[in-house]
Amino acid sequence: MILYWAVWVVIRVAATVLFRLKVSGQHHIPKTGGVLIAANHASYLDIPILGCGVPRRASYMGRMDLFPGPVGWLMRYLGWIPIRRERVDRGGFEEAISRIKAGGAVIIYPEGSRTEDGRLQPGKPGVGMIVAATGCPVIPAHLAGTFDVLPPGARRIQLRPMRVTYGEPMDFSALLKELDGESKKKDVYQRISQEIMGRIAALEGVASPSTA
């Protein structure tokens with residue numbers, strides 16, 4: 001726990017000084033209880049930048065090859081939930097579901113992979129599976145500026161402003177009542193994903209780093 005918050009403080013201070021990081025809407029994140037935080041994915045910086053804006057300890061889902069070797073052990077200790085990208089990783093998703101049911105906060109990027117051009121991509125149904133299994137509220141979040149600081153393929157970090165904006169909690173209890181049969185599940189999962197991505201898109205203008 002001490003190590004987690006030490007890393008949190010270091011990243012928050014460094015991001016504030018170097019990138020003029022601004023965080024808004026964090027009051028929407030419940031202080032206790034299971035919750036899923038869903039954000040756009042534009043850069044390798046998204047995990048630390050989004051994490052240092054969450055005022056409680058959080059776990060985060062990321063692809064399995066992101067942290068190889070001994071670094072992977074450390075990142076798991078800090079909350080990383082490794083996910084296989086080539087197929088639906090039931091083990092990884094079950095771990096995320098378990099942590100939420102235990103009252104934890106889990107971060108997910110519904111797009112599944114980083115954007116190549118900075119624009120939002122369609123969300124995948126995996127986020128809907130987690131919501132259906134837990135019934136938890138979803139906090140939409142938008143990261144602005146991380147793509148400009150470190151886009152895919154870049155070798156150097158650019159000193160550009162960044163901003164994280166958290167939106168109001170989303171409640172899917174009414175939609176979850178429609179779950180009935182495997183075919184219906186897939187439809188509901190995708191609808192949940194689409195609604196979340198729509199809310200993230202709505203935060204995009206508010207989260208523009210130019211307004212920081």
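The structure under discussion appears in the preceding block.
Here's what I pulled together on the structure shown here. All values reported here derive from a predicted model rather than from experimental measurement. (Residues numbered from 1 in each chain as written. Predicted model: local features only at pLDDT ≥ 70, side-chain atom pairs only at ≥ 80, totals over all residues. Heavy atoms only, no water.)

In total, this model carries four salt bridges according to the counting rule given. A salt bridge links Glu95 to Arg99, with the shortest nitrogen-to-oxygen separation between them at 2.7 Å. Here Glu95 and its partner Arg99 are both found in helix H4 (residues 90–101), four residues apart, which amounts to about one turn of the helix. Judged by its relative accessible area of 33%, Glu95 falls in the partly exposed class. Under the relative-accessibility criterion, Arg99 is labelled partly exposed at 24%. With its nearest N and O atoms 2.9 Å apart, the salt bridge here joins Asp117 to Arg119. (Salt bridge = Lys/Arg side-chain N within 4 Å of Asp/Glu carboxyl O. Helix = DSSP H or I, 4+ residues; strand = E, 2+ residues; numbered from the N terminus. Buried < 20%, exposed > 50% of the residue type's maximum accessible area, 1.4 Å probe, protein only.)

Ranked by size, the top nonpolar core spans 33 residues in total, and within it Ile37, Leu50 and Tyr166 carry the most contacts. Counting only elements with at least two residues in this core, the list comes to helix H1 (2–19), strand E2 (35–39), helix H2 (46–51), strand E3 (58–63), helix H3 (69–78), strand E5 (105–108), strand E6 (138–144) and strand E7 (163–166). With four residues, H1 is the single largest residue contributor to this core. Ignoring anything within four residues of it in the chain, the contact list for Ile37 reads Ile29, Leu50, Val54, Val106, Ile107, Ile108, Ile139, Ala141 and Tyr166. If you look at the next biggest cluster of nonpolar residues, it comprises 25 residues, including Ile83, Phe93, Ile108 and Cys136. (Core = buried A, V, L, I, M, F, W, Y, C linked by side-chain atoms within 4.5 Å. Contact = heavy atoms within 4.5 Å.)

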